[in-house]
Amino acid sequence: MTSRPNALEIEDLVMHFGPVRAVDGVSLTIAAGRVTALVGESGSGKSTVGRCVVRLVEPTAGVVRIAGADVTHLSRRQLRPHRDAVSIVFQDPAASLDPRMLVGEIVAEPLRLAGRRVPRREREARVAPQLERVGLRAEVARRYPHELSGGQRQRVSIARALVSEPMLLIADEPTSALDVSVQASVLNLLADLQRDIGFACLFITHDLSAVEYLADDIAVMYLGQLVEKGSRERIFARPAHPYTQALLAAAPVADPVRQRQRQPVLLGDDLPSALDPPSGCRFRTRCPLAFDTCATEVPPQVPIGDGMAACHLVRPDGTGPDVRTADPSEVLS
Amino acid sequence: MTTAPASTATTVLEMRDLSVSFPTETGTVSAVDGAALDLAAGEIVGMVGESGCGKSVTGMSIAGLLPGSARVTGSVRLNGTELVGARESALRRVRGREIAYIFQEPMTSLNPVLTVGRQIGEVLQVHERMSRRAAHARAVELLTLVGIPSATHRVGAYPHQLSGGMRQRVMIAMAVACGPKVLVADEPTTALDVTVQAGILQVLRDLRDRLGTSILIITHDLGVIADIADRVVVMYAGRVVERAPVTDLFARPYHHYTAGLLSASPKPGRHASTARLAEIPGLVPVLSTQPDACTFADRCPAADARCRESAPPLEVAGDGTDHLAACWHPCPPQPREANR
């Protein structure tokens, strides 16, 4: 375990789509075998980070290293040897599985693309253990995706993603399209596979309860930038950034007694436009604690343990106000 | 404290033995089977279940929003007036003024080429015969009521100029424009982010508190139920399988489906290294006819021959309060979360 390279290193990643600044300077490292959750609301740019990592898009600037290799600007041909190292599972399995391919062909496809041609006769033998690993019977290989349920399809996606034994799995909202009971089985499966196989995972989601269940580390994204990073324990116990605090306060807990004792933190509705993000701190337009400096100066990344929080109100020792309890008028006085 | 029905003098909506089926190419599909529920004045009832459980069909059947092919039997009474089988002209008087709907995706429910002010005003011009000018002024008031800042300005906005949360607030403003007694909100926050969801739930609660509106909120999210509902109806495969005040339901589920749903969602403070989520094996069945059996039996850990031979009735469970469950072998009172 000593000298394995980091599964993922992202430095100052920037992804602009024309005038839309989807990702604007994100740095993130995932050590081998760790699960990092990338959390944020729709429009925060979290999925774009994932798409840059698997190089579905070429970043505008910055560096993406997978298993130590810089893949930021490689051509499709140059990327091919690195494709084995990283895979992605998308949110909607119905849309990400080719309806005209058999499940067996789908799962074997990454091997074919990597130049390891699998004869049809051998395919079933190669695919069967992959399907069994994700809890499907080997016969499923002869079915088409439309014959499967949503949860089964997502298992096929996971089998396809893991067939090349990647060092890093990108899971982009893998359970958001599924019902609660099916979500539970897919989350359990991801947890089991991760523990048994030991791949690193970038788990992109807006579902904080799933994050707490699955992640080792958490990175919180807001409008193209990271506002906080830290261990799961620290982020849930002592979130430092007002946005993280608000996000945790807003997610309802499935317990009416506790839920009704909680103090709601109501942010304004609107995520500002990524065309023209606010000056200074990007969260200031919705932050209940914002003050003058927030509009003029970009907040520093205050180190907290192995992580950080980017907020003017977080003190050098990592402490600061909590929007869940603080009275905004008293914070600065 | 005996087995008195939940309906009291203040019951606004009374649904009894509602069944809905649809003819399809491959035969009849039974969507709802014998659903019953009451909605008291100023009460928020949450209806929960997974997709395909008949929640939305039940909600839409209340004011006849189902397509003409749907076969609806049973009874839905609004302040004593029967709605099932009522003529379209009668239903039109009920919709908007008595019952209003909010759907999941506001973008597909709003007209993209009209300003939100016109759309809200249209409701008032049609139902309340207001002048255009009066309707416009009222639209501004309504936008303020649902928490839209600078409403005088936003009243002239087109739907695409608003965020998802703002659009859903506009939908709510339209829904409550004529002061309905009952609001049916079908997954009103499912398409929204959590920070926006919190605001929308607050608006719904405010409406209940200020206007006394009764709300039926349909959702698959137990967190939303825990946050806002006074009572909960759990649906499975077209049937109501459990009905209880919200704290009772979460503290002591009697039906195994309810218990399964509750333990399937991750709990605060739990990580995969130390805990495991409970799974419910199998799938929600699609039924052509409703069998005389428990439809959850195939997925249930407690099912036996009896469950497959006769359908359990929805009966008072436990110590005879407002807690009903349809199960032959109710869950034991297990402390699911003994030490949290």
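Residues numbered from 1 in each chain as written. Chains lettered and ligands numbered in written order. Predicted model: local features only at pLDDT ≥ 70, side-chain atom pairs only at ≥ 80, totals over all residues.

A. Inspection of the packing of helix H7 (residues 164-175) of chain B against helix H8 (residues 194-211) of chain B at higher detail. Residues and elements named next belong to chain B. The contact between H7 and H8 brings their axes to 10 Å, and the two run at 15 degrees. The angle between H7 and H8 falls in the class roughly parallel. Every pair of crossing elements has a handedness; the one defined by H7 and H8 is right-handed. Contact with H7, carried on its side by Gly164, Gly165, Gln168, Arg169 and Ile172, involves Val196, Gly199, Ile200 and Val203 of H8 and no other residues of that element. Considering only residue class, the contact of H7 with H8 consists of four nonpolar, four polar and one charged. (Axes fitted to C-alpha atoms, helices over the stretch in contact; angles between N-to-C directions. Helix = DSSP H or I, 4+ residues; strand = E, 2+ residues; numbered from the N terminus. Parallel < 35°, antiparallel > 145°, perpendicular 65-115°, else oblique. Left-handed = near helix turned anticlockwise from the far one by under 90°. Contact = placed C-beta atoms within 7 Å. Nonpolar A, V, L, I, M, F, W, Y, C, P; charged D, E, K, R; others polar.)

B. Main features of the UniProt feature "domain: ABC transporter" (unreviewed entry) in chain A. UniProt records the feature "domain: ABC transporter" (unreviewed entry) for residues 8-248 of chain A in the present numbering. As annotated, residues 8-248 of chain A has a helix share of 38% and a strand share of 26%, and its two end C-alpha atoms lie 26 Å apart. (UniProt positions renumbered as here; feature names shortened; annotations may be inferred.)

C. Spatial organisation of the packing of helix H6 (residues 150-162) of chain A against helix H7 (residues 180-197) of chain A. Residues and elements named next belong to chain A. Running from amino to carboxyl end, H6 crosses H7 at an angle of 20 degrees, the nearest separation of the two axes being 10 Å. Between H6 and H7, the interaxial angle falls into the category roughly parallel. Between H6 and H7 lies a crossing of right-handed hand. Facing H6, whose interface residues are Gly150, Gly151, Gln154, Arg155, Ile158 and Leu162, H7 presents Val182, Ser185, Val186, Leu189, Leu193 and Ile197. Residue classes in the contact of H6 with H7 are distributed as seven nonpolar, four polar and one charged.

D. Focus on the nonpolar core. Counting residues in each nonpolar core, the largest one holds 209 residues, and the members touching the most others are Leu168(A), Leu202(A), Leu214(A) and Ala173(B). Broken down by element, this core gets its largest block of residues, eight residues, from H7(A). When residues of this core are sorted by domain, at least three fall in each of domain 1 (8-222) and domain 2 (245-331) of chain A. Setting aside residues no more than four positions away along its own chain, Leu214(A) makes contact with Val35(A), Ala37(A), Leu187(A), Leu190(A), Ala191(A), Phe203(A) and Ala272(B). (Core = buried A, V, L, I, M, F, W, Y, C linked by C-beta atoms within 7 Å. Buried ≥ 20, exposed ≤ 12 C-beta atoms within 10 Å, placed from the backbone. Domains from an automatic or database assignment.)

E. Local environment of the sheet that holds strand E10 (residues 239-245) of chain B. Residues and elements named next belong to chain B. Judged by pairing direction, the sheet is mixed, and its eight strands sit side by side in the order E6-E7-E8-E3-E9-E10-E12-E11 without closing on themselves. Pairing within the sheet leaves two strands with one partner each, and these edge strands are strand E6 (99-102) and strand E11 (315-316). Across five bridges, strand E7 (residues 182-186) lies against strand E8 (residues 214-219) in parallel orientation. Counted as the bridge partner of valine 184 is leucine 216 from E8. Contacting E6 and E7, H7 crosses the sheet at an angle of about 170 degrees to E6. (Pairing = 2+ DSSP bridges.)

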